[in-house]
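# Fold and contact review
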Amino acid sequence: MYIGILYLLLTFLFCFILVHLIKLAYIGIKSMNKQPEEVKKPAPPPEPVYYIVEKKRARKASYSEPKEFKFKK
């Protein structure tokens, strides 16, 4: 029984190490094939931002008398 657990742990460690080695090799190959970047051009100036502004309405010179409201019961 103990030998089975040992084999299970060894298999897990072997697969774990193998997967990480493959990932590291892929990253290394990918970095070697990367071509040098060209001189970066300056970014174009940002577009102007326009805001929509509503006109304020002029105040009334005089207001009418307040109305009285009656509610039905």
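Reference entry: report on the structure contained in this document.

What counts, and at which threshold
Residues numbered from 1 in each chain as written. Predicted model: local features only at pLDDT ≥ 70, side-chain atom pairs only at ≥ 80, totals over all residues. Heavy atoms only, no water. Helix = DSSP H or I, 4+ residues; strand = E, 2+ residues; numbered from the N terminus. Rg over C-alpha atoms; globule rule 2.2 N^0.38 Å. Buried < 20%, exposed > 50% of the residue type's maximum accessible area, 1.4 Å probe, protein only. Areas by Shrake-Rupley, 256 points an atom, 1.4 Å probe, with all protein chains shown as cover. Patch = residues over 30% accessible without salt bridge, like charges linked within 9 Å, V, L, I, M, F, W, Y side chains within 5 Å. Salt bridge = Lys/Arg side-chain N within 4 Å of Asp/Glu carboxyl O.

Let us look at the overall build of the protein chain. For the protein chain, the count of helices and strands is one helix and zero strands. The C-alpha atoms of the protein chain give a radius of gyration of 38 Å, which is well past the 11 Å a tight globule of 73 residues would have. Summarising its shape, the C-alpha atoms of the protein chain cover approximately 100 × 60 × 10 Å along the three principal directions. For the protein chain, the proportion of its 73 residues judged to be buried stands at 0%. As displayed, the protein chain offers around 9,300 Å² of accessible surface, 66% of which is attributable to carbon and sulfur atoms.

Glancing now at a nonpolar patch on the surface. A surface patch of nonpolar side chains, amounting to about 1,300 Å² of accessible area, comprises Ile3, Leu6, Tyr7, Leu10, Phe12, Leu13, Phe16, Ile17, Leu21, Leu24, Tyr26 and Ile27. Within the secondary structure, Tyr26 sits in helix H1 (residues 2–33).

Read these as geometric descriptors, not functional statements.
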